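Observations on the three-dimensional arrangement
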Amino acid sequence: MIQTTTKTWRLDDARQTLAIASTNDRCPQVIYWGPPLPAGEDLEAIAGVSQLDVTGGMLDANPDLSLCPEAARSFPGQPGMIVRDAAGERLLPKFKLHDVAQDDTGLVITCEDAVNRLTYTAEMRIDPETHVIVMQARLNADRAMYLHWLAAPVLPAPQNSDDMIDVAGRWCGEFQLNRTAWSAGIRYRENRTGRTGHEHFPGLIVPCRGATNTAGSAYAFHYGWSGGRRMIAEELPDGRCQIQFGHAARMETAPSKEFRTAILYAVYSGEGLNGCAISFQRHLRDRVVRWTTPGTPRPVHYNCWEAVYFDHDVPTLKDIATRAAALGAERFVLDDGWFGQRDDDTSSLSDWEVDPRKYPEGLGPLIDHVHELGMSFGIWFEPEMINPDSNLHRAHPDWALGAEDQILGRQQKALNMALPEVRAFLYERIAALLSAHPIAYIKWDHNRVLPQPDAEQTRGSYALIDQLRADFPHVEIESCASGGGRIDFGTLSRTQRVWLSDSNDALERLKMQHNAALFLPAAATGSHVGPRRCHTSGRILDIEFCAWVAAQRHMGFEMDPRELDPRETEVLKDVTSWWKDNRNWMMNADIMRLDSADPSVIAEQQSARDGHRFVVFAGKAGTSAQIAPRPLQLTRLDSNARYRVSLRNRGSAAALSRGTLTLKDGPVILTGTALMHNGLALPWSFPETMWVLEGERL
Ligand code: DGJ
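Right, let's walk through the structure included here. (Residues numbered from 1 in each chain as written. Predicted model: local features only at pLDDT ≥ 70, side-chain atom pairs only at ≥ 80, totals over all residues. Heavy atoms only, no water.)

1. Thoughts on the overall build of the chain
When helices and strands are counted, the chain shows 14 helices and 35 strands. Expressed along its principal axes, the backbone C-alpha trace of the chain runs to roughly 85 × 70 × 40 Å. By residue count, 61% of the 698 residues in the chain fall in the buried class. Considering only contacts within the chain whose residues lie at least 6 apart along the sequence, 69% involve residues at least 24 apart. By element, 50% of the accessible surface of the chain is carried by carbon and sulfur atoms, the whole surface being about 26,000 Å². (Helix = DSSP H or I, 4+ residues; strand = E, 2+ residues; numbered from the N terminus. Buried < 20%, exposed > 50% of the residue type's maximum accessible area, 1.4 Å probe, protein only. Contact = heavy atoms within 4.5 Å. Areas by Shrake-Rupley, 256 points an atom, 1.4 Å probe, with all protein chains shown as cover.)

Given below as structure tokens:
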């Protein structure tokens, strides 16, 4: 009988325990991840009872599902690493535990492969407040290697899960949730576009059987990298499931002695999907984003893109700015069209100099006007891009990434951000403008995918943003890529806001915001009131609905304010002023998706961190199957506390709502139990309308 030695370690917070074990000094594997284990729990016993039996048709023991599963140990699924030496020879590492360093919140696990002269390091750190576990893997060698694949520390997924939820999307349709049943084999998602992508938000949720938004157990993952990820969710032949995340394969094109994954963020929740969502929202807002002026209110935006497009004219823009300020805007963002000869999207990207035809006296007069109105000024750039019809391309065609005959995207190529001279050029142009004018904000766009994926490109973009952030720390940056094409925690560790979508259609936005809240907090999620007839869907929506949908997140406007009629102006002013009155707590609130009994009602509850107030947004996305509205149950309230709940916009009830509901007359006072168990029946409403309920703990 072979002697077995098992070493164990655990990471704990009030929400969860994650325990790992190394048997006979092999690379450790996760043996437990779930609700907090009692202090004295026998981890060796857990390791023992988690061993699966073997029977006919199996190996004589089940290979470990370790933090880096190894092909050389007969692991029956995808390995955690695929590496070759400089001569192209494939290496099959077999790691031996070298060291585990533990402090209050983290573990650093080092394993070595003496034969192949490789060191694998996994770092896992638990955040006791947000409950997010932050993980990263590193591979070191004493000579340069070629990396095909390196997974961040590999975690098991529960076997009592029927399906997994990952995220897809498209331009103007970001954050679509996919539910895929677990079955033998792999759910494999790889993004080879070189940008995070509308299609590929790097997130995964694994709900245990029966979990809903508000109840049950769930695990969630996010890979914080903007260059494209690979996700493997694999059910092994023996039933075990593994989750791997890393950069898309073969993105490291050059040999190196060291490779690192990006950060994998993971969390367990025993309180439904919302438990995961709250953790990610808090972690992003309180740990990942570096705010330029922490503690100051998020300003109401005005962005001129859908008002003027490329047709910039200073008197018109001043008029628009004046009207936007009167509506309540506090920041004016000058979008695409101010530079080069940019009269449409066919030219001038990379010629970052103010167009004297449109701005004969430069940007100064417009910026001064904006400041006189009490607004700050922001400006649009698309730094990584170049049009073939540009002065820079004529001077340096070799600065563009990819082949000369590549397919263009929006008539443009990407610049090669790995080249220091490209970064220096971009830095100089952007810094010149930021130094010449009081500019508080950059909308940083990225409107095409790359001709080929390359991690150096992503690192180059990160380096440029980092340098600008260091030298202009007061300048906030919004990440935009034709809307939500570059949303991830890697980008958000350098920026402060995302442009969730180019769709300003409030109905589409309602759905996208609902799903994006699984990962993103309101403070970093831009949402604007668009033109009356939406430019990307053709839909006409009432201003009240549009205003409340924008008020769910970081609010702004993007229509031409000259098109607003007096009622629309009044509604917009009213909702904006409500948003300003509430933003200080709402921008720090937890967004919880409600399990609406009516699938046509998309509802969320935003609760203040201290639990003293909440707001519920119940958006009617379509006509209901049943005739009377189904009660909406609230969540995460104090069962015994009493709350005063009022329908903020009860004056908007349609004439077809004929019942005598108390909520239509004024506030009601109910306990948390009543609100969570019975819920509230809201007045009958038209599709494409929103009820707003305000709650205050007494
Ligand atoms: C795409 C963005 O998503 C839009 O908001 C706008 O900034 C345009 N680019 C400008 O070209």
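Now, onward.
2. Side note on the pairing of strand E12 (residues 173-181)
Within a regular beta strand, the side chains point alternately toward one face of the sheet and then the other, so they alternate between its two faces. Here seven bridges tie strand E11 (residues 163-170) to E12, and the two strands are oriented antiparallel to one another. Note that in E12 the partner of Asp163 across the bridge is Ala181. Linkage of E11 to E12, two consecutive antiparallel strands, is achieved through a turn of two residues, within which Cys172 is found at a positive phi near 65°. (Pairing = 2+ DSSP bridges.)

3. Some words on the site of the ligand
The local shell around the ligand holds 13 residues, among which Asp335, Asp336, Lys443, Asp445 and Asp502 are the closest. Within the backbone of Gly483, one N or O atom sits 3.0 Å away from an oxygen atom of the ligand. A distance of 2.4 Å separates an oxygen atom of the ligand from a polar atom in the side chain of Asp502. Compared with its free state, where it exposes 290 Å², the ligand has 98% of that area covered by protein. Of the residues that constitute the shell around the ligand, the class distribution is four nonpolar, three polar and six charged. (Near = heavy atom within 4 Å. Polar contact = N/O pair within 3.5 Å; in protein donor to acceptor, adjacent residues only side chain to side chain. Nonpolar A, V, L, I, M, F, W, Y, C, P; charged D, E, K, R; others polar.)

4. A short note on the packing of helix H11 (residues 543-551) against helix H12 (residues 566-586)
Viewed as axis vectors pointing N to C, H11 and H12 meet at an angle of 15°, and their least axial separation amounts to 9 Å. Viewed along their axes, H11 and H12 adopt a mutual orientation that is roughly parallel. In terms of crossing hand, the pair formed by H11 and H12 is right-handed. Residues Ile543, Glu544, Ala547, Trp548 and Ala551 of H11 pack against Arg567, Glu568, Val571, Leu572, Val575, Trp578, Trp579 and Met586 of H12. When the residues that make up the contact of H11 with H12 are grouped by side-chain class, the tally is ten nonpolar, no polar and three charged. (Axes fitted to C-alpha atoms, helices over the stretch in contact; angles between N-to-C directions. Parallel < 35°, antiparallel > 145°, perpendicular 65-115°, else oblique. Left-handed = near helix turned anticlockwise from the far one by under 90°.)

5. Quick look at the sheet that holds strand E3 (residues 29-34)
Pairing in this open sheet of three strands is antiparallel, and the strands run E1-E2-E3 from one edge to the other. Looking at which strands have only one partner, the edges of the open sheet turn out to be strand E1 (6-12) and E3. Neighbour to neighbour, the strand axes of the sheet diverge by 15° on average, direction disregarded. Sheet topology places strand E2 (residues 17-23) next to E3; five bridges connect them, and they run antiparallel. Each bridged residue has a counterpart across the sheet, and for Thr17 the counterpart in E3 is Gly34. Its contacts with the sheet put helix H1 (residues 43-50) on E1, E2 and E3, and the angle it makes with E1 is roughly 110°.

6. Points about unusual backbone geometry
A positive phi angle, near 55°, is found at Arg117, a position not held by glycine. For Arg117, the location among the structural elements is in the loop between strand E7 (106-113) and strand E8 (118-126). On the basis of relative accessibility, which here comes to 43%, the residue Arg117 falls in the partly exposed class. The phi dihedral of Ser348 falls on the positive side, at around 80°, and the residue is not glycine. By the element assignment, Ser348 lies in the loop between strand E21 (331-334) and helix H5 (364-372). Classification of Ser348 by relative accessible area gives buried; the value is 3%.

7. As for helix H2 (residues 272-288)
Between its terminal C-alpha atoms H2 stretches 23 Å, which fits the 24 Å expected from 17 residues at 1.5 Å a residue. With 15 of 17 residues buried, H2 is to be regarded as a mostly interior element. (Expected span 1.5 Å × (residues − 1).)

8. Re H11
Note that an α-helix has 3.6 residues per turn; residues three or four places apart therefore point the same way. Counting buried residues in H11 gives nine out of nine residues, a clear majority hidden from the surface. On the buried face of H11, the contacting elements are helix H10 (506-516), strand E28 (525-529), strand E29 (554-557), H12, strand E32 (613-620) and strand E35 (689-697). The opening residue of H11 is Asp542, an N-cap whose side-chain oxygen sits 3.1 Å from the backbone nitrogen of Glu544.

9. Quick word on the nonpolar core
In this structure, Phe332, Leu334, Trp338 and Phe557 are the most contacted members of the largest nonpolar core, which totals 93 residues. With residues near it in sequence (within four places) discarded, Phe332 still touches Tyr302, Cys304, Leu317, Ile320, Ala321, Leu366, Val370, Met375, Ser376, Phe377 and Gly378. The next biggest cluster of nonpolar side chains, apart from the first, holds 57 residues, and it includes Ile126, Ala141, Val206 and Ala455. (Core = buried A, V, L, I, M, F, W, Y, C linked by side-chain atoms within 4.5 Å.)

10. A few points about the environment of Ser537
Following the sequence through the fold, Ser537 ends up in the loop between E28 and H11. A relative accessible area of 34% means that Ser537 is categorised as partly exposed. Considering only alpha carbons, one finds Ser537 and Gln513, 24 residues apart in sequence, at a separation of 17 Å. There is a polar contact of 2.6 Å between the side chain of Ser537 and the side chain of Asp505.

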